[in-house]
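# Descriptive analysis of the structure
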Amino acid sequence: MTPLIDVIFLLLLFFMLSSTFSKFAEIELSSATAGATAAQEPTERAFIQIGAERIVLNGEPVTLDELSAQVGTGQALVSLDADTSAQRLVDLLVRLRGRDGLAVTVLE
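Here the structure is a predicted model, which is why all the values come from computation and not from measurement.

Right, let's talk about the overall build of the protein chain for a bit. Per the secondary structure count, the protein chain includes three helices and five strands. Secondary structure elements of the protein chain occur, N-terminal to C-terminal, as α-β-β-β-α-β-α-β. In the protein chain, which comprises 108 residues, the share counted as buried stands at 23%. Within the protein chain, residue pairs in contact and separated by at least 24 positions form 74% of the contacts whose partners lie at least 6 positions apart. Put simply, the protein chain shows about 8,200 Å² of open surface, and 58% of that area lies on carbon and sulfur atoms.

Here's what the structure looks like:
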């Protein structure tokens, strides 16, 4: 009969070698804060509503590819529907990430 400690070490070794320790991409989120000065206010705003099956930009339905082409500089306000998954939000934020002059705010 095999001692229990041998079985524990074998299981520990198996899970250590079969798992991955790589970090997935991280996206920085900033929350909306009160008291912003008028000099920091962007002049152009885009209102984006995102759901499980839909994306609406300023009241017009668009696809994810069209959205990244239509949103320019300024501020993008993202509103989430109740059925929005975290992956869907991350896909949207990845498309908008890295644009010069674009500030993305996720609303509660």
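Per the stated rule, a full pass over the model turns up one aromatic pair. Centre to centre, the rings of F14 and F15 are 5.2 Å apart; their planes meet at 70°, and the pair counts as edge-to-face. Side by side, F14 and F15 carry an identical accessibility label, which is exposed.

Here we come to the sheet that holds strand 4 (residues 74-80). Spatial ordering of the open sheet is given by 3-2-1-4-5, a layout of five strands whose pairing is mixed. Of all strands in the sheet, those bounded by a partner on one side alone are strand 3 (60-61) and strand 5 (102-106). With three bridges connecting them, strand 1 (residues 45-50) and strand 2 (residues 55-57) associate as antiparallel partners. Following the sheet pairing, Q49 is matched in strand 2 by V56.

Positive phi outside glycine occurs at N58, with the angle close to 50°. Relative to the assigned elements, N58 resides in the loop between strand 2 and strand 3. Judged by its relative accessible area of 49%, N58 is partly exposed.

Cut-offs applied
- Residues numbered from 1 in each chain as written.
- Predicted model: local features only at pLDDT ≥ 70, side-chain atom pairs only at ≥ 80, totals over all residues.
- Heavy atoms only, no water.
- Helix = DSSP H or I, 4+ residues; strand = E, 2+ residues; numbered from the N terminus.
- Buried < 20%, exposed > 50% of the residue type's maximum accessible area, 1.4 Å probe, protein only.
- Contact = heavy atoms within 4.5 Å.
- Areas by Shrake-Rupley, 256 points an atom, 1.4 Å probe, with all protein chains shown as cover.
- Phe/Tyr/Trp six-rings, centres within 6.5 Å; stacked < 30°, edge-to-face > 60°.
- Pairing = 2+ DSSP bridges.

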